[in-house]
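Chain by chain, the residues run as shown.
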Amino acid sequence: MEGAAVTIGIDDLPIRDELRGKSPYGAPQLDVPVRLNTNENPYPLPEPLVERIAERVRDAARTLNRYPDRDAVELRTELAAYLTRTTGYEVGLANVWAANGSNEVIQQLLQTFAGPGRIAIGFEPSYSMHGLISRGTGTGWISGPRKGDFTIDVASATAAIATHRPDVVFITSPNNPTGTAVEADTVLALYEAAQAAKPSLVVVDEAYVEFSHRPSLLPLIEGRPNLVVSRTMSKAFGAAGLRLGYLAAHPAVVDAVQLVRLPYHLSAVTQATALAALEHTDTLLGYVEQLKAERDRLVAELRAIGYEVTESDANFVQFGRFEDAHAVWQQILDRGVLVRDNGVPGWLRVTAGTPEENDAFLDAVRALKKEQSS
Ligand SMILES: Cc1ncc(COP(=O)(O)O)c(C=O)c1O
């Protein structure tokens, strides 16, 4: 801009007051040999699937002059079939909704059930986007407690629900960044508390459930119209770049989110790609089994080295404890491995990568431990 000697920053713009001074979400993406910081699946999509995506997208391209199927009927039907097959609980098209990543699913739920004058609660440390999307939708945010072992303390969680009477309750299972799975009984207790207090919507975020030792909490939606399970193709399906998330709930919830979704929000290219990936579910779930074994190896080796490790049901592991976790994060980075400092005091998180990446990480922390004890 000519003559623009003055630097204009965000806070010079007439933005909403609650956004002032805030930072956008984002893990540092540093250029290092081994990146184990964003809970991605390390395996690229297999070549036959890449070919199938190309084929499906080519077909979709022939009609890109038209808007996509705004109800994504074929995709939702296939997602419902996947859920039914993998959980044994039967859901159909009417129970399933899809959007651009589970972040968009969560945004649509908050736009529908929360927003200005309403509040949401989560039990932290947990997935920070629940709070950030709440803020973005004008929803108040309450940070609920967790126990020292990072499980949800039912008594204090239900007390917090009774006190704050939230409109939306987030339960993340397995939880990010701790890896902790939530018992069905805990979900039921929080659901009952939330219905007694308001009633409110309970969202069970199962982004990592395919990596869990335990079954999905999806069957709990039976007879509970205010319970939603959100899922994603970003982790188990190895398709973070696709941006496809979905939910399963009572059909009334699916009808409700239509009130806020943008018209034609899910592109024809996205729908075609997701459908191709679903055709290769068995191969992709094979990679999940390898990652689960690698996750278990990380837990065992980290403990053998002398670290404390939180029980993990996800494709990542929380380890500690450190007096200065950020300093340790830097020392691991100096050895060419990027892990995540989520700001949980004393703890860091490492994503399970390929066996070679995990070896590089374990070598780095082993060397570090040796250095510290010498
Ligand atoms: C608990 C949890 N939910 C949702 C997401 C977002 O997934 P998506 O890529 O589907 O938006 C993540 C991503 O890291 C996550 O950790």
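Only a predicted model underlies this, so the values are computations on that prediction, with no experimental measurement involved.

J.: Sorry, what's going on with the nonpolar core here?
T.: It is characteristic of soluble globular proteins that their nonpolar side chains tend to be buried jointly. Leu-75, Leu-79, Met-233 and Leu-244 are the most contacted members of the largest nonpolar core, which has 60 residues in total. Element by element, the count of residues in this core is highest for helix α6 (residues 184-197), at six residues. Residues within four places of Leu-244 in sequence aside, it is in contact with Leu-75, Leu-79, Ala-99, Asn-100, Gly-101, Thr-232, Met-233, Ser-234, Leu-266, Thr-270 and Ala-274. Counting residues in hydrophobic clusters, the runner-up holds 28 residues, among them Leu-36, Leu-302, Val-337 and Val-339.

J.: It is not clear to me how α6 should be interpreted in this structure. Could you clarify?
T.: Working note: α-helix, 3.6 residues per turn, so residues spaced by three or four point in the same direction. The end-to-end C-alpha separation of α6 is 20 Å, in line with the 20 Å expected for 14 residues at 1.5 Å each. Turning to α6, its buried residues number three or more, namely Thr-186, Val-187, Leu-190, Tyr-191, Ala-193, Ala-194, Gln-195 and Ala-197. Against the buried residues of α6 lie β3 (119-123), α5 (154-164), β5 (168-172), β6 (201-205) and β7 (227-232).

J.: Can you help me understand the site of the ligand in this one?
T.: Close to the ligand lie 13 residues, the nearest being Ser-102, Asp-205, Tyr-208, Thr-232 and Ser-234. Between Asp-205 and the ligand, the recorded distance is 2.7 Å, taken from a side-chain N or O atom to a nitrogen atom. At a separation of 2.5 Å, an oxygen atom of the ligand approaches a polar side-chain atom of Thr-232. Protein chains shield 94% of the accessible area of the ligand, which is 400 Å² for the free molecule. If you map the ligand onto the pockets, it falls in the largest pocket. The greatest single-element share of the shell around the ligand, amounting to three residues, is contributed by helix α3 (residues 101-113).

J.: Looking at this model, I keep getting lost on helix α8 (residues 268-279). Mind explaining?
T.: Taking 1.5 Å of rise per residue, 12 residues should cover 16 Å, and α8 covers 17 Å from first to last C-alpha, within 8% of that figure. Residues of α8 that are buried include every one of Ala-268, Thr-270, Gln-271, Ala-272, Thr-273, Ala-274, Leu-275, Ala-276, Ala-277 and Leu-278, and no others. Where α8 is buried, its residues touch α1 (47-61), α2 (73-87) and α9 (281-305). At the N-terminal boundary of α8, the capping side chain belongs to Ser-267, with an oxygen 3.2 Å from the backbone nitrogen of Val-269.

J.: I'm lost on the pattern of salt bridges in this one. Help?
T.: Pairing is possible between side chains of opposite charge, provided their charged atoms come close. One pass over the structure, following the stated rule, counts 25 salt bridges. The partner of Arg-20 in a salt bridge is Asp-11, and the shortest N-O contact between them spans 3.8 Å. For Arg-20, a relative accessible area of 31% translates into the label partly exposed. Accessibility expressed as a relative area gives 44% for Asp-11, which makes it partly exposed. In this structure, Asp-296 and Arg-295 form a salt bridge, with 2.7 Å as the shortest nitrogen-oxygen distance. Among the residues examined, Asp-296 registers a relative accessible area of 37% and is labelled partly exposed.

J.: Would you mind going over the packing of α2 against α8 with me for this structure?
T.: The relative placement of two packed helices comes down to the angle between their axes together with the axis-to-axis distance. Interaxial distance between α2 and α8 falls to 10 Å at its minimum, and their mutual angle equals 25 degrees. Comparing the axis directions of α2 and α8 gives the class roughly parallel. In this structure, α2 crosses over α8, and the sense of that crossing is left-handed. Taken together, the residues of α8 that come into contact with α2 (itself represented by Glu-74, Leu-75, Glu-78, Leu-79 and Tyr-82) are Gln-271, Ala-274, Leu-275 and Leu-278. Taken together, the residues of the contact of α2 with α8 sort by class into six nonpolar, one polar and two charged.

Rules of the game
- Residues numbered from 1 in each chain as written.
- Predicted model: local features only at pLDDT ≥ 70, side-chain atom pairs only at ≥ 80, totals over all residues.
- Heavy atoms only, no water.
- Core = buried A, V, L, I, M, F, W, Y, C linked by side-chain atoms within 4.5 Å.
- Buried < 20%, exposed > 50% of the residue type's maximum accessible area, 1.4 Å probe, protein only.
- Helix = DSSP H or I, 4+ residues; strand = E, 2+ residues; numbered from the N terminus.
- Contact = heavy atoms within 4.5 Å.
- Expected span 1.5 Å × (residues − 1).
- Near = heavy atom within 4 Å.
- Polar contact = N/O pair within 3.5 Å; in protein donor to acceptor, adjacent residues only side chain to side chain.
- Areas by Shrake-Rupley, 256 points an atom, 1.4 Å probe, with all protein chains shown as cover.
- 1 Å grid on protein atoms, 1.4 Å probe; cavity = no way out; pocket = protein on both sides within 12 Å on 5 of 7 lines; lining within 4 Å.
- Sits in = over half its atoms within 2 Å of the grid points.
- Salt bridge = Lys/Arg side-chain N within 4 Å of Asp/Glu carboxyl O.
- Axes fitted to C-alpha atoms, helices over the stretch in contact; angles between N-to-C directions.
- Parallel < 35°, antiparallel > 145°, perpendicular 65-115°, else oblique.
- Left-handed = near helix turned anticlockwise from the far one by under 90°.
- Nonpolar A, V, L, I, M, F, W, Y, C, P; charged D, E, K, R; others polar.

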